Every structure is written in structure tokens, then in C-alpha cells.
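Spelled out from the first residue to the last, the chains are:
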Amino acid sequence: MWRIGQLARMVGVSERTLRHYDRIGLLAPAAVDRATGYRWYGVAELSRLERIRGLQRLGLPLRRIADLLDAPEAQLRQALSEIVTGIKRDIAALAATAAHAEDHLTTPMSILPQQTAMRSRRLRVRRLHLDHPSELAAVCPAPPATLLTWLRGQPVGGFTAAVTVDRDGEQLTLPARSVVRAVVPPSTDVIRAGQELFGWLHRHHLSITGPTVEEHLIDAEGAHAVVLEASVHPQRHTPSA
């Protein structure tokens, strides 16, 4: 049999770790000397310790290892399948974060687009036909107000827009949808911010599926903010011949 220090050196763990395993009921010593308090470990404990460490390397936390250490192989495989699924999900999220950061480094922008989900929303609007984006500022009411445009990118020729009204307007429902939103910094022109947003959507292979919303907000102190919002879905990739 081996004392705690000997086992720790054999396996490559600390004595503190072995004491912790004992305290949480994961690995008890084979015997404890009543006179000296020394912990003694045998082959069975060595094998159990190596299994604990092996399961840790497979990504299982100690709380799950405690449940699975003596469980049937089928139960262990199910737990590992769940771990792998979670790791792949985390990798995908990290890869997306890295791609967004690299995009911002490569193409500096004044806005920081964020993708999120929005609930359905009802508006009362007045539709307009405009010839150029520069006309938008003149038709947008004082905040709080919402301006909508049916654009897929930089307009070529005239385009349709709509502004919210208090009464006597057309009722418009924006369904629950996936959107990309961005707050326009006070120092940035809204048209420029819109162009940056369209460019960002193109680089991230997102198509616009409905009106682009330009929300003009104002708080109790009179501070004004503009939020751009585009309904999106992933672009379909046409297989090459």
C-alpha cells in the first residue's frame, strides 16, 4: 500500500487534490491510521483515481464523475455525447465571435452590429416614395418616431419608405423575426451607418427579409439616439456545378 504522498507522486496529482477527492466522497483511502492519521491507498484506489483523471480529460466535471464513476457504460456514453455536443456548440460560438472581431479589425466601422430575436410589433404608418436617401431626414418626424425602408442595399433609383403616425395611417405588423441591430453613435451620419450595416450583412452572408427599421428614440432628459434594425436570414449558397 502507499501513503498519500507516494500515490500523489505516482499519478502526478497533489496531496491536496487527493484530500479533496476524499472530502467529496469521490476517492476514499483504503485505510486511515488512527494513531498517525496517515491515509493508505491500494491498487483499487489507484485504479479508481486513474479512471477519475481519465474522465476529467474527457471533459466531465467532478460532479458528473461522481455520478458516472460506477455507472454502466451506456450511461457514460450518453453523458459524453452531451459533453461533445456542448463543446461543439461552444466552439461554434467562439468561432463566430472571432470572425466578428476579425471583421471589425479588417473593416473598421462606427457601429457594432448585434444579432438578436425580436417579438412581433404593430405600427401605424404613412407610406412614401423617395428618390434618394438624403430625403429621409426631411420626412422623419421628431422623436420618438420610426422610419422604415424597403431596401436590400444602397438604392439605385427611387424606393419605398414609411414613417409612423399617430392616427389615420396604414396598420403594419412586423412579425417575430431575427434581426441585426446597431446603435448609431451621435457623431456618425445615419446614412453612413446604414451603408456600414449593409456591408456588414453582406460580409456575414445575411440577407434582408423585410423593412429596415430606423428607430429615433428620446429619453426623459432629451437625449436622442438612433437604432438601426434589419430583419435577416442566412443567404442560400448555390452549389457549384
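Residues numbered from 1 in each chain as written. Predicted model: local features only at pLDDT ≥ 70, side-chain atom pairs only at ≥ 80, totals over all residues. Heavy atoms only, no water.

- Looking at an unreviewed UniProt entry, one finds the protein named HTH merR-type domain-containing protein, with Streptosporangium carneum as its source organism.

1. Side note on the sheet that holds strand E1 (residues 2–3)
In step 1: The strand order across the open sheet built from 3 strands is E1-E3-E2, with neighbouring strands paired in antiparallel fashion. Every other strand in the sheet has two partners, leaving E1 and strand E2 (31–32) as the edge strands with one partner each. (Pairing = 2+ DSSP bridges. Helix = DSSP H or I, 4+ residues; strand = E, 2+ residues; numbered from the N terminus.)

2. Points about the nonpolar core
In step 1: Val180, Leu197 and Leu201 are the most contacted members of the largest nonpolar core, which has 26 residues in total.
In step 2: Secondary-structure elements contributing two or more residues to this core are strand E5 (121–130), strand E6 (145–149), strand E7 (159–164), strand E9 (177–184), helix H7 (190–203), strand E10 (206–218) and strand E11 (224–234).
In step 3: Ranked by residue count, the leading element in this core is H7, at 5 residues.
In step 4: Apart from residues no more than four positions distant in its own chain, Leu201 is found in contact with Val180, Leu206, Ile208, Ala230 and Val232. (Core = buried A, V, L, I, M, F, W, Y, C linked by side-chain atoms within 4.5 Å. Buried < 20%, exposed > 50% of the residue type's maximum accessible area, 1.4 Å probe, protein only. Contact = heavy atoms within 4.5 Å.)

3. Considering the sheet that holds E5
In step 1: Spatially, the 8 strands line up as an open sheet ordered E4-E9-E11-E10-E6-E7-E5-E8, and their pairing is antiparallel. Here the strands that pair on one side only, and so sit at the sheet edges, are strand E4 (114–118) and strand E8 (170–174). Geometrically, the sheet is characterised by an average inter-axis angle of 35° between neighbouring strands, direction not taken into account.
In step 2: Note: E5 against E7, 6 bridges, orientation antiparallel. Along E7, the bridge assignment pairs His129 with Thr160.
In step 3: Each of E9, E10 and E11 touches H7; the most contacted strand, E11, lies at about 20° to it. (Axes fitted to C-alpha atoms, helices over the stretch in contact; angles between N-to-C directions.)

4. Some remarks on the environment of Ile65
In step 1: Considering the arrangement of structural elements, one finds Ile65 in helix H4 (residues 62–68).
In step 2: For the pair Ile65 and Leu76, spaced 11 residues apart in sequence, the C-alpha to C-alpha distance is 9.2 Å.

5. Topic: the confidence of the model for the protein
In step 1: Residues at a pLDDT of 70 or more form 98% of the protein, whose mean pLDDT is 91.
In step 2: Confidence, read as mean pLDDT per element, is least for helix H6 (residues 136–139) in the protein (84) and greatest for E9 (96). (pLDDT = per-residue confidence, 0-100.)

6. Thoughts on the packing of helix H1 (residues 4–11) against helix H2 (residues 15–23)
In step 1: Here H1 crosses H2 at 110°, and the two axes come no closer than 9 Å. One element, H1, and the other, H2, form an angle in the roughly perpendicular class. From H1, Ile4, Gly5, Leu7 and Ala8 reach across to H2, where they touch Glu15, Leu18 and Arg19.
In step 2: Partitioning the contact of H1 with H2 into residue classes produces 4 nonpolar, 1 polar and 2 charged. (Parallel < 35°, antiparallel > 145°, perpendicular 65-115°, else oblique. Nonpolar A, V, L, I, M, F, W, Y, C, P; charged D, E, K, R; others polar.)

7. Observations regarding the UniProt feature "domain: HTH merR-type" (unreviewed entry) in the protein
In step 1: UniProt records the feature "domain: HTH merR-type" (unreviewed entry) at residues 1–71, using the numbering of this structure.
In step 2: The span residues 1–71 is 55% helix and 10% strand, and its two end C-alpha atoms sit 27 Å from each other. (UniProt positions renumbered as here; feature names shortened; annotations may be inferred.)

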